[in-house]
Amino acid sequence: MRIDAHQHYWSPAHGDYGWLVDTPALHAIHRDFTPADLAPLLDRAGIDGTVLVQAAPSEAETWRLLALAAEPASRVRAVVGWTALDAPDAPARIRRLAQQPLLRGLRPMLQDLPDPEWVLGDALLPAWAAMIEQGLVLDLLIRPHQIDAARRLALRHPGLAMVVDHGAKPAIAAGGFEPWAGDMARLAAATRVHCKLSGLATEAGPGWRVDTLRPYVGHLLRHFGPARMMWGSDWPVLNLAGDYRRWQVACDEWLAELPAPERAGVWGTNAARFYGIK
């Protein structure tokens, strides 16, 4: 089974994508993206299914994604949604969403929050307990300065399965490696947190090369190990710095030296296990 563990669909007309403004930098992705757009790319790449991830901090978007994912032609095998984890009724919200069979996880948009330790607040304790109770996973959309807080969160709540999206977005375009590398190594060593091989092309920017990203990919594979890595496209954000085929070919090159079972894990079976995809 080959799984794209991280992709998005959206329609700016809904008005809840505050970050998706029609500027020159984002013009290429400021439009509707639907399963019909992704289907030929999945076919060419031999991808069997996807994990559809929220891109708006609204429950309304999550319900739209769940409805879309329920359509057989979507090929969505799991949805990672959003709810207000610090709301007084967060546990009830989480239980209601968890009744949807394709809802497998939640993702607060942590990278946009001014407090890097927001996840450690007492207001979130009921939400973490409800997620553990419902068997939901936590996608960590973080930047390098938030890695340490993610490590402490994972140590406090070992029963909550977590995955770092996009390798925690190292500053590749600026040549940044430390302290990102050391912090990710400590996170991997101290916890059972997983990591997605996704989003790195966007952090490098247009014109990225396989050798430019190789040290970052190698570092993640070395410290998390192939059993805790999962491949994702981050499409259509990926279109800002490349395309689906180019990212797939680059990842094939980086993963080529792994034994076949470990390679298969990164390409899909790890994601299937993590998100409960059958």
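In this text the structure is predicted, and so the values were computed from the model without any measurement.

A. Representation of the overall build of the protein chain in the model. When you go through the protein chain residue by residue, the secondary structure sums to 10 helices and 8 strands. The C-alpha radius of gyration computed for the protein chain amounts to 17 Å, which stays within 12% of the reference 19 Å derived for 278 residues, consistent with globular compactness. The buried share of the protein chain, taken over its 278 residues, is 56%. For the protein chain, the exposed area adds up to about 11,300 Å²; of that, 56% sits on carbon and sulfur atoms. On the protein chain, the mean spot of the 28 positive side-chain charges and the mean spot of the 30 negative ones are 5 Å from each other.

B. Geometry of the pattern of salt bridges. Inspection of the entire model under this criterion finds 16 salt bridges. Notably, a salt bridge pairs Arg93 with Asp89, separated by 2.8 Å at the nearest N-O pair. The partly exposed category is assigned to Arg93, whose relative accessible area is 22%. The salt bridge partner of Arg152 is Asp148, with a shortest N-O separation of 3.2 Å.

C. Layout of the nonpolar core. Of all hydrophobic cores here, the largest spans 83 residues; its most connected members are Met184, Leu197 and Trp247. For Leu197, the contacting residues outside a window of four places in its chain are Val217, Met229, Met230, Trp231, Gly232, Trp247, Cys251, Leu255 and Val266. With 14 residues, the next largest nonpolar core counts Ala78, Val80, Met230 and Phe274 among its residues.

D. Here's a closer look at the environment of Ala190. Positionally, Ala190 belongs in helix α6 (residues 180-190). Through-space distance from the C-alpha of Ala190 to that of Trp267 is 24 Å; in sequence the pair is 77 residues apart. Apart from the residues within four sequence positions on either side, Ala190 is in contact with Arg151 and Leu155.

E. Looking closely at the pairing of strand β5 (residues 137-140). Burial along β5 is two-sided: Val137 and Asp139 facing one way and Leu138 and Leu140 facing the other are all buried. At this point the chain moves from strand β4 (residues 103-106), through helix α4 (residues 125-134), to the parallel β5, and the crossover so formed is right-handed. When β5 meets strand β6 (residues 162-164), the two strands line up parallel, connected through 3 bridges. Residue pairing for β6: Leu138 is matched across the bridge by Met162.

F. View of the state of the cysteines. In total, this model carries 0 disulfides according to the counting rule given. Cys251 supplies the cysteine sulfur nearest to Cys195, a cysteine that is in no disulfide, at a spacing of 12 Å. Of the residues examined, Cys195 reaches a relative accessible area of 0% and is grouped as buried.

G. Spatial organisation of the sheet that holds β6. With respect to topology, 8 strands assemble into an open sheet ordered β1-β2-β3-β4-β5-β6-β7-β8, the strand pairing being parallel. Of all strands in the sheet, those bounded by a partner on one side alone are β1 (3-7) and β8 (229-231). Direction aside, neighbouring strands of the sheet carry axes that sit 30° apart on average. Judged from the 4 bridges that link them, strand β2 (residues 49-53) and strand β3 (residues 76-81) form a sheet pairing that is parallel. Residue pairing for β3: Val53 is matched across the bridge by Val80.

H. Structural view of the side chain of Gln7. Relative to the assigned elements, Gln7 resides in strand β1. With a relative accessible area of 0%, Gln7 lands in the buried category. In this structure the side chain of Gln7 is engaged in a polar contact, spanning 2.7 Å, whose partner is the side chain of Thr50. With sequence-adjacent residues up to four places away left out, Gln7 is seen in contact with Leu38, Thr50, Val51, Leu52, Val53, Val76, Ser233 and Trp235.

I. Focus on unusual backbone geometry. Following Glu178, the chain continues into Pro179 via a peptide bond in cis, with omega recorded as 5°. Along the chain, Pro179 falls in the loop between β6 and α6. Residue Trp235 is joined to Pro236 through a cis peptide bond whose omega torsion reads 5°. The backbone phi angle of Lys169 is positive, close to 55°, even though this residue is not glycine. In the Ramachandran plot, Asp234 falls in the positive-phi region, its phi being about 55° despite a non-glycine side chain. As for its placement among the helices and strands, Asp234 is situated in the loop between β8 and α9 (244-255). On the basis of relative accessible area, Asp234 is assigned to the buried category, the value being 5%.

What counts and how
- Residues numbered from 1 in each chain as written.
- Predicted model: local features only at pLDDT ≥ 70, side-chain atom pairs only at ≥ 80, totals over all residues.
- Heavy atoms only, no water.
- Helix = DSSP H or I, 4+ residues; strand = E, 2+ residues; numbered from the N terminus.
- Rg over C-alpha atoms; globule rule 2.2 N^0.38 Å.
- Buried < 20%, exposed > 50% of the residue type's maximum accessible area, 1.4 Å probe, protein only.
- Areas by Shrake-Rupley, 256 points an atom, 1.4 Å probe, with all protein chains shown as cover.
- Lys, Arg positive; Asp, Glu negative; His and termini not counted.
- Charge placed at Lys NZ, Arg CZ, Asp CG, Glu CD.
- Salt bridge = Lys/Arg side-chain N within 4 Å of Asp/Glu carboxyl O.
- Core = buried A, V, L, I, M, F, W, Y, C linked by side-chain atoms within 4.5 Å.
- Contact = heavy atoms within 4.5 Å.
- Right-handed = clockwise from strand over helix to strand, strands pointing away.
- Pairing = 2+ DSSP bridges.
- Disulfide = S-S within 2.5 Å.
- Axes fitted to C-alpha atoms, helices over the stretch in contact; angles between N-to-C directions.
- Polar contact = N/O pair within 3.5 Å; in protein donor to acceptor, adjacent residues only side chain to side chain.

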